[in-house]
2 protein chains.
Amino acid sequence: MQNIVEVVAEKYKSIKQPKPEFHVFFNDHVNNDFNILFRGIPPNSDYFAAGVPGSFYSRVLPKGSLHLAHCSYALHWLSQVPKEIQDKNSPAYNKGKIHYTGTEKYVVKAYFDQFQRDMDVFLTSRALELVGGGLLIIQMPGLPSGETMFTMTGAGLLHAILGSSLMELAKSGIISEESVDSFNLPQYHPSMEELGKVIERNNNFTVEKVGILNHPMKDLPFDVQRTSLQVRAVMDMILTEHFGEHILDQLFVIYTRKLQENYDVFDKQIRKDADFFLVLKRKFH
Amino acid sequence: MQNIVEVVAEKYKSIKQPKPEFHVFFNDHVNNDFNILFRGIPPNSDYFAAGVPGSFYSRVLPKGSLHLAHCSYALHWLSQVPKEIQDKNSPAYNKGKIHYTGTEKYVVKAYFDQFQRDMDVFLTSRALELVGGGLLIIQMPGLPSGETMFTMTGAGLLHAILGSSLMELAKSGIISEESVDSFNLPQYHPSMEELGKVIERNNNFTVEKVGILNHPMKDLPFDVQRTSLQVRAVMDMILTEHFGEHILDQLFVIYTRKLQENYDVFDKQIRKDADFFLVLKRKFH
């Protein structure tokens with residue numbers, strides 16, 4: 001945020017114009033704790049801050065009111081679990097798993113279709129909010145180039161192990177197998193090619209810049225404890241909602257053990273994770 | 001809010017223009033619970049909502065970004081207790097009381113001076129945020145016309161009784177007299193004349209409309225229990241910060257008793273309370 005403000009201020013200085021005022025809108029779900037966010041804003045920040053409640057899979061700002069939108073590690077969360085995944089009569093019914101690994105053709109297709117629909121709504125919403133020529137910056141996890149198997153990425157493997165940990169709990173009789181069958185992660189990690197196609201089809205943006213980000217984490221050895229805690233922090237709410245809070249301690253004991261057992265695979269796999277960086281420009285039509 | 005949206009939408013309809021989109025900014029202190037606010041916004045409301053953290057005695061929005069500002073029962077809260085009030089060497093030192101009743105010349109003046117400074121900052125901040133011709137609507141409690149004694153209003157009497165209840169606690173040795181001397185309410189209830197003068201001196205607004213609001217409460221008999229609970233809800237935070245939470249129950253037992261003892265006075269007095277309603281228009285300079 002501060003970077004953008006400084007760059008624009010510098011630009012105005014170079015063309016001898018008075019520095020503009022900046023208005024920053026922080027968007028998140030209604031249930032995000034906006035007070036923590038607001039208390040974290042430096043008191044003498046160079047911008048006016050506002051909190052905007054609501055899903056980004058909808059309009060959250062008036063037409064043409066935005067010059068730059070930034071979406072950081074959020075777009076891999078789908079608006080919902082694809083319906084077919086939970087339909088026992090569908091070929092995409094995802095029994096015994098909580099996500100896709102990459103081999104289940106119908107399951108992956110159901111996830112991808114949901115991703116396409118969601119991205120289309122996201123892009124159209126932002127297109128309406130942005131001025132012509134406005135920028136949309138996206139950072140999100142994706143599938144590495146040339147890879148087809150999601151489990152071959154660190155993220156995919158983490159999901160697969162969370163699924164098998166839940167199945168282990170089910171086999172001990174602590175939760176039912178049905179409750180695992182009906183639990184699915186609303187996430188999709190697209191390939192850059194898939195992302196490009198969705199953006200092209202939506203037709204509101206031109207792609208100005210594309211990159212793969214290098215995370216400093218990738219150069220560190222795999223840390224079992226930290227990873228287990230991080231996954232728990234991210235998945236806490238969604239697991240609690242479906243299974244209840246009482247299973248969490250036990251689940252993450254199993255989960256941590258399984259991470260340890262797969263240490264070598266992870267230590268190689270997480271090097272493959274791809275974080276996409278895209279700069280899109282709103283067309284003037 | 002809904003009223004304003006409907007009226008403007010109706011206006012656009014009458015001139016055969018498409019309905020504009022509305023952006024509503026809700027401002028409050030950083031520590032206000034914005035999540036409760038956000039959850040209270042109807043999901044299909046006709047406007048986009050945003051929360052704006054920060055004191056209205058400062059800029060909270062970019063220049064010229066606002067068409068209509070509405071400040072509802074908040075402007076009688078000063079930005080701080082006037083310094084002289086707490087200075088033992090000042091003629092305005094407010095020993096044994098927590099507010100002014102209207103007779104203490106220097107105390108009232110210190111409060112009024114603070115009010116003037118605060119209002120000036122408030123008006124200048126809003127003037128910068130509003131477009132030329134934009135409206136500023138103010139609702140606030142004030143001193144009834146022709147009245148000079150604040151204790152002759154319901155609000156003033158409530159404050160006086162809160163002060164004497166604190167002094168009773170001090171006399172029982174539960175809190176120190178010094179702690180009461182150093183506690184003062186950061187509130188000022190101006191007369192319409194004072195308000196007019198401050199607005200004129202600020203010179204950013206013309207007064208379009210002035211009124212005294214009629215509260216339905218005024219026609220009901222004085223309710224001791226309800227009033228005591230309401231005052232406790234409003235003063236809870238400020239009393240807890242200064243005296244600690246442990247005195248509250250005891251304090252409001254005394255307070256309720258004193259309200260009961262003064263029932264007849266209150267029953268007459270609250271009829272005199274004045275709630276001001278002003279519509280100001282941002283000048284084009």
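Summarised in this report is the structure supplied together with it. (Residues numbered from 1 in each chain as written. Chains lettered and ligands numbered in written order. Predicted model: local features only at pLDDT ≥ 70, side-chain atom pairs only at ≥ 80, totals over all residues. Heavy atoms only, no water.)

### Topic: the overall build of chain A
Right, on to step 1. A tally of helices and strands in chain A yields nine helices and six strands.
Right, on to step 2. What you see for chain A is a C-alpha radius of gyration of 21 Å, in line with the 19 Å of a compact globule of 285 residues.
Right, on to step 3. Overall size of chain A, expressed as C-alpha extent along the three principal axes, is 70 × 40 × 35 Å.
Right, on to step 4. The proportion of buried residues among the 285 residues of chain A is 47%.
Right, on to step 5. For chain A, restricting intrachain contacts to residue pairs at least 6 apart in sequence, the fraction spanning at least 24 positions comes to 79%.
Right, on to step 6. Carbon and sulfur atoms make up 55% of the accessible area of chain A, which totals about 14600 Å².
Right, on to step 7. Across chain A, the centroid of the 30 positively charged side chains sits 6 Å from that of the 33 negatively charged ones. (Helix = DSSP H or I, 4+ residues; strand = E, 2+ residues; numbered from the N terminus. Rg over C-alpha atoms; globule rule 2.2 N^0.38 Å. Buried < 20%, exposed > 50% of the residue type's maximum accessible area, 1.4 Å probe, protein only. Contact = heavy atoms within 4.5 Å. Areas by Shrake-Rupley, 256 points an atom, 1.4 Å probe, with all protein chains shown as cover. Lys, Arg positive; Asp, Glu negative; His and termini not counted. Charge placed at Lys NZ, Arg CZ, Asp CG, Glu CD.)

### Here's the deal with the pattern of salt bridges
When the charged atoms of two side chains lie near each other, side chains of opposite charge can form a pair.
Right, on to step 1. Taken as a whole and judged by the stated rule, the model has 20 salt bridges over all chains.
Right, on to step 2. Close ionic contact of R257 of chain A with E168 of chain A constitutes a salt bridge, the shortest N to O distance being 3.0 Å. Of the two residues, R257 of chain A sits in helix α8 (residues 248-261) while E168 of chain A sits in helix α4 (residues 154-171), which places them 89 residues apart along the sequence.
Right, on to step 3. On the basis of relative accessibility, which here comes to 37%, the residue R257 of chain A falls in the partly exposed class.
Right, on to step 4. Its relative accessible area of 25% is what places E168 of chain A among the partly exposed residues.
Right, on to step 5. Connected via shared salt-bridge partners are E21 of chain A together with R59, R126 and E129 of chain B. (Salt bridge = Lys/Arg side-chain N within 4 Å of Asp/Glu carboxyl O.)

### Remarks on the relation of the copies chain A and chain B
Right, on to step 1. When chain A is brought onto chain B, the operation consists of a screw motion whose angular component is 180° and whose axial shift is 0.0 Å, with 0.0 Å RMSD remaining. Taken together, the rotation and translation describe the operation of a two-fold axis. The C-alpha atom lying nearest the rotation axis in chain A is that of G51 of chain A; the distance is 2.4 Å.
Right, on to step 2. Most of the interface of chain A is mirrored in chain B: 100% of its interface residues are interface residues there too. (Least-squares fit on C-alpha atoms with pLDDT ≥ 70 in both.)

### Digging into unusual backbone geometry
Right, on to step 1. Here the phi dihedral of N203 of chain A falls at roughly 70°; this positive angle occurs in a residue that is not glycine.
Right, on to step 2. Take N203 of chain A: it is sitting in the loop between α6 (192-202) and β5 (205-213).

### Comments concerning the pairing of strand β3 (residues 66-72) of chain A
All names here are of chain A.
Right, on to step 1. Two elements, β3 and strand β4 (residues 130-142), share six bridges in a ladder whose sense is parallel. By the bridge assignment, S72 is partnered in β4 with Q139.
Right, on to step 2. Handedness of the β3-helix α3 (residues 105-129)-β4 crossover: right-handed. (Pairing = 2+ DSSP bridges. Right-handed = clockwise from strand over helix to strand, strands pointing away.)

### With respect to the packing of helix α7 (residues 224-243) of chain B against helix α8 (residues 248-261) of chain B
To characterise two packed helices, one gives the angle between the axes of the helices and the distance between these axes.
All names here are of chain B.
Right, on to step 1. For the pair α7 and α8, interaxial distance at closest approach is 10 Å and the crossing angle is 140°. Between α7 and α8, the crossing angle belongs to the class labelled oblique. Along this stretch, α7 crosses α8, giving a crossing that reads as right-handed. In this structure, α7 uses V224, Q225, T227, S228, V231, R232, D236, L239 and T240 to contact α8, whose residues at the interface are L248, D249, L251, F252, Y255, T256, L259 and Q260. (Axes fitted to C-alpha atoms, helices over the stretch in contact; angles between N-to-C directions. Parallel < 35°, antiparallel > 145°, perpendicular 65-115°, else oblique. Left-handed = near helix turned anticlockwise from the far one by under 90°.)

### Quick look at the sheet that holds strand β4 (residues 130-142) of chain B
Residue and element names in this part refer to chain B.
Right, on to step 1. One open sheet holds the four strands; their spatial order is β3-β4-β6-β5, and the pairing between them is mixed. The strands lining the two open edges of the sheet, one partner per strand, are β3 (66-72) and β5 (205-213). When the angles between neighbouring strand axes are averaged without regard to direction, this sheet yields 10°.
Right, on to step 2. Sheet topology places β5 next to strand β6 (residues 274-282); eight bridges connect them, and they run antiparallel. Considered in β6, the bridge of G211 is made with F277.

### A few points about the packing of aromatic side chains
Residue and element names in this part refer to chain A.
Right, on to step 1. All chains considered together, the criterion is met by 29 aromatic pairs over all chains.
Right, on to step 2. Measuring from centroid to centroid gives 5.5 Å for Y100 and Y188, while their planes differ by 40°, and the two rings are tilted. In this pair, Y100 is assigned in the loop between β3 and α3 and Y188 in the loop between α5 (177-181) and α6, connecting sequence segments 88 residues apart. Summarising the burial analysis for this pair, Y100 and Y188 share the class buried. (Phe/Tyr/Trp six-rings, centres within 6.5 Å; stacked < 30°, edge-to-face > 60°.)

### Here's the deal with the sheet that holds strand β6 (residues 274-282) of chain A
Strand pairing in a sheet relies on backbone hydrogen bonds. The paired strands run either parallel or antiparallel.
Residues and elements named next belong to chain A.
Right, on to step 1. Pairing is mixed in the open sheet, where four strands are placed in the order β3-β4-β6-β5. Both outer strands of the open sheet, β3 and β5, are each paired with one neighbouring strand and no more. Looking at each pair of strands side by side, their axes are set apart by 10° on average, direction ignored.

### Some details on the side chain of E104 of chain B
Right, on to step 1. Looking at where E104 of chain B falls in the secondary structure, it is placed in the loop between β3 and α3 (105-129).
Right, on to step 2. Residues contacting E104 of chain B, with those up to four places away along its chain left out, are K97 and H99 of chain B.

### Focus on the environment of Q116 of chain B
Right, on to step 1. With respect to the helices, strands and loops of the structure, Q116 of chain B is situated in helix α3.
Right, on to step 2. Those residues in contact with Q116 of chain B, other than ones at most four positions away along the chain, are V198 and R201 of chain B.

### Details of the environment of V81 of chain B
Residues and elements named next belong to chain B.
Right, on to step 1. Within the secondary structure, V81 is located in the loop between β3 and α3.
Right, on to step 2. The spacing of V81 and F22 is 59 residues in sequence and 37 Å in space, taken between C-alpha atoms.
Right, on to step 3. When sequence neighbours within four positions are dropped, the list of residues in contact with V81 reads Q86, N184, L185 and P186.

### Description of the interface of chain A and chain B
Right, on to step 1. Taken together, the contacts link 22 residues of chain A with 22 residues of chain B.
Right, on to step 2. Between chain A and chain B, the buried area comes to about 1800 Å², and carbon and sulfur atoms account for 60% of it.
Right, on to step 3. Sorting the residues of chain A by area buried against chain B places E21, F38 and F48 of chain A first, and these three jointly supply 27% of that buried surface.
Right, on to step 4. Where the side of chain A that touches chain B is concerned, the elements lending two or more residues are β1 (22-28), α2 (34-39) and β2 (47-53) of chain A.
Right, on to step 5. Take the side of chain A that touches chain B: its biggest share by element is six residues, from β2 of chain A.
Right, on to step 6. When its residues are assigned to classes, the side of chain A that touches chain B shows 12 nonpolar, five polar and five charged. (Buried area = accessible area lost by both parts, 1.4 Å probe. Nonpolar A, V, L, I, M, F, W, Y, C, P; charged D, E, K, R; others polar.)

On their own, these measurements won't tell you what the molecule is for.
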